[in-house]
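What the coordinates show
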Amino acid sequence: MLLATINSGTLIIALPDLERSLHTSLLELVWVILVYMIASTVLVLSAGRLSDQFGRKRAYIGGFIVFALASLGAGFAANGTELILWRILQGIGGAFLFANSAAIVTDAFPREQLGVAMGTNTMVAAVGLVIGPVLGGALVAINWPWVFWFNVPLGLAGSLWAAMVLHEQGRRTADRRFDYFGTITFLIGLTGLVFGISKGGISGWGSPLVIGGLILAAVFLPAFVLIEQRSRAPMLDLSIFQNRLFSTSAAGAFINGLARFALMFVFVFYFQGVQGNTPLLAGIKLAPLAVGMLISSPAAGIYADRRGSRMLAVMGMIVTAVGLALMTTLGRDTTYVASGVYMFVVGFGSGMFNSPNTAAMMGTVAPHQRGIAAGARVLVQNTGAVISIAFVLAVITSAVPTHVLFSVFSGLANHISTAQLNPFIANMHTALWCLAAVSVLGAFVAAARPKHVKSDSPESASPEPQPQPQQQAERAPAGVS
């Protein structure tokens, strides 16, 4: 978790420098972020299934090694295309890490302590989000390849630690079949959707490539659902969504990714492009977003173990929406106190939501399905995050002159007048209002999860009809309901 979040923060803060050093187009620059997320999102379910079949420890170690090697290669990239290819390989390694981290934590803790465990995991993520942008600013000052190369010793150390400390605990599934059709269909559908949305804001929605991407999404994403319903060994076991606690928590995770993930992307360009800060200063200014998560995540996990997660999830979404709405008051000359406070509010709300929601999802599935459940959680959250970045890019680039966009995304907007920047800032406000509305929707979804019943009896803790054995619906103690 620490490796993943530090890597995300260091790369985002380095985007303007990458644009100048590699002479990338705006679309290539964004896809340096998106291809990693698409690769890890599409493959995370397959990685979870393979881990359930062959062992989580082996898959986890392999993920670290692939991630480290891809990071080494990315630092030697000579242009945007090469960097994108290395980022795809990095995403493959990341998929095996994401698919197993929550499952390994769930294996290691009893259900009544899952909230604390997931809260601690989220707290580590927040630490990474604090360190990442600051470290990224410092590494960019040396040279941009170090944004990738610093991952190499961390990845190798992680693989050695996992080899020495971890041991297999979950029961492996006997079915060794692989869902090639489902994986390929989802890859084409999600890539088409994200490409269409991200390119539409830059090139116009009438572009043949934009229309073609959206058509692929409209055809292949529904086809993916149909294939999974009929497959004997599906990439995504849709039966786990028959549990209302799991399905509503998954929907909440998707909405949380959709509402929050693009925020760091927006603020990197706000601080560097609009306010003219250096990468290091911009990284420091992003810290309140992670500090809010750092404070609220462990406390939320402890509360969820004792009182249930539904009210926390609702309140977390509402707090996030308030913070996003307040951000629409930011302008070119707004003092940092305002933006720092608003980012802290959003981070605090996200921490309130994230760890209890993850514990609710992971605590309601059978042990042998934890790999696929962890993969499903990352799938829905990352899908929301990918769409979030593509959507926000489309909104903030709409009707903004090309030379203004180039200056903002290169971090060289100091010489541009406020009047020239106003269309970009207005579009940023529009995007933030949309994200706030999405977060309000997430509060309603979180409120639809099963009502918590305080009881030590497994039967009384389940408001649902008697589940099938493989679903293990709400048979946990009250703390994970």
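Described below are features of the structure shown in this document. Fair warning: this is a prediction, and the values are worked out from it, not measured in the lab.

Thoughts on helix α1 (residues 2–22)
Taking 1.5 Å as the rise per residue, α1 with 21 residues should run 30 Å; its terminal C-alpha atoms sit 28 Å apart, in good agreement. A bend of about 55° at Leu 15 is the largest found in α1, and the proline Pro 16 appears one to four places after it. The first or second residue beyond α1 is His 23, which carries a positive phi of 55°.

Considerations on the layout of surface pockets
Taken as a whole, the largest pocket spans an internal volume of roughly 700 Å³. Lining the largest pocket are 26 residues, and of these Met 1, Tyr 60, Phe 64, Trp 161 and Leu 166 sit closest to its centre. At seven residues, the largest contribution of residues to the lining of the largest pocket is made by helix α4 (residues 80–108). Grouping the amino acids of the lining of the largest pocket by side-chain chemistry returns 17 nonpolar, five polar and four charged. Here the second largest pocket is characterised by a volume of approximately 360 Å³. Residue lining of the second largest pocket: 16 residues in total, with Phe 186, Leu 236, Phe 254, Leu 379 and Val 380 positioned closest to the centre. Broken down by secondary-structure element, the contributors of at least two residues to the lining of the second largest pocket are α8 (180–203), α9 (208–230), α10 (244–260) and α16 (370–397). The leading source of residues in the lining of the second largest pocket is α16, at four residues. Class assignment for the residues of the lining of the second largest pocket results in 15 nonpolar, one polar and no charged.

Here's the deal with a nonpolar patch on the surface
A surface patch of nonpolar side chains, amounting to about 330 Å² of accessible area, comprises Met 1, Leu 2, Val 124, Val 127 and Ile 131. The residue Met 1 is located in the segment before α1 in this model.

The rules behind the values
Residues numbered from 1 in each chain as written. Predicted model: local features only at pLDDT ≥ 70, side-chain atom pairs only at ≥ 80, totals over all residues. Heavy atoms only, no water. Helix = DSSP H or I, 4+ residues; strand = E, 2+ residues; numbered from the N terminus. Expected span 1.5 Å × (residues − 1). Bend = angle between axes of the 7 residues up to and from the residue. 1 Å grid on protein atoms, 1.4 Å probe; cavity = no way out; pocket = protein on both sides within 12 Å on 5 of 7 lines; lining within 4 Å. Points joined across faces, edges and corners; volume = space filled by probe spheres on them. Nonpolar A, V, L, I, M, F, W, Y, C, P; charged D, E, K, R; others polar. Patch = residues over 30% accessible without salt bridge, like charges linked within 9 Å, V, L, I, M, F, W, Y side chains within 5 Å. Areas by Shrake-Rupley, 256 points an atom, 1.4 Å probe, with all protein chains shown as cover. Salt bridge = Lys/Arg side-chain N within 4 Å of Asp/Glu carboxyl O.

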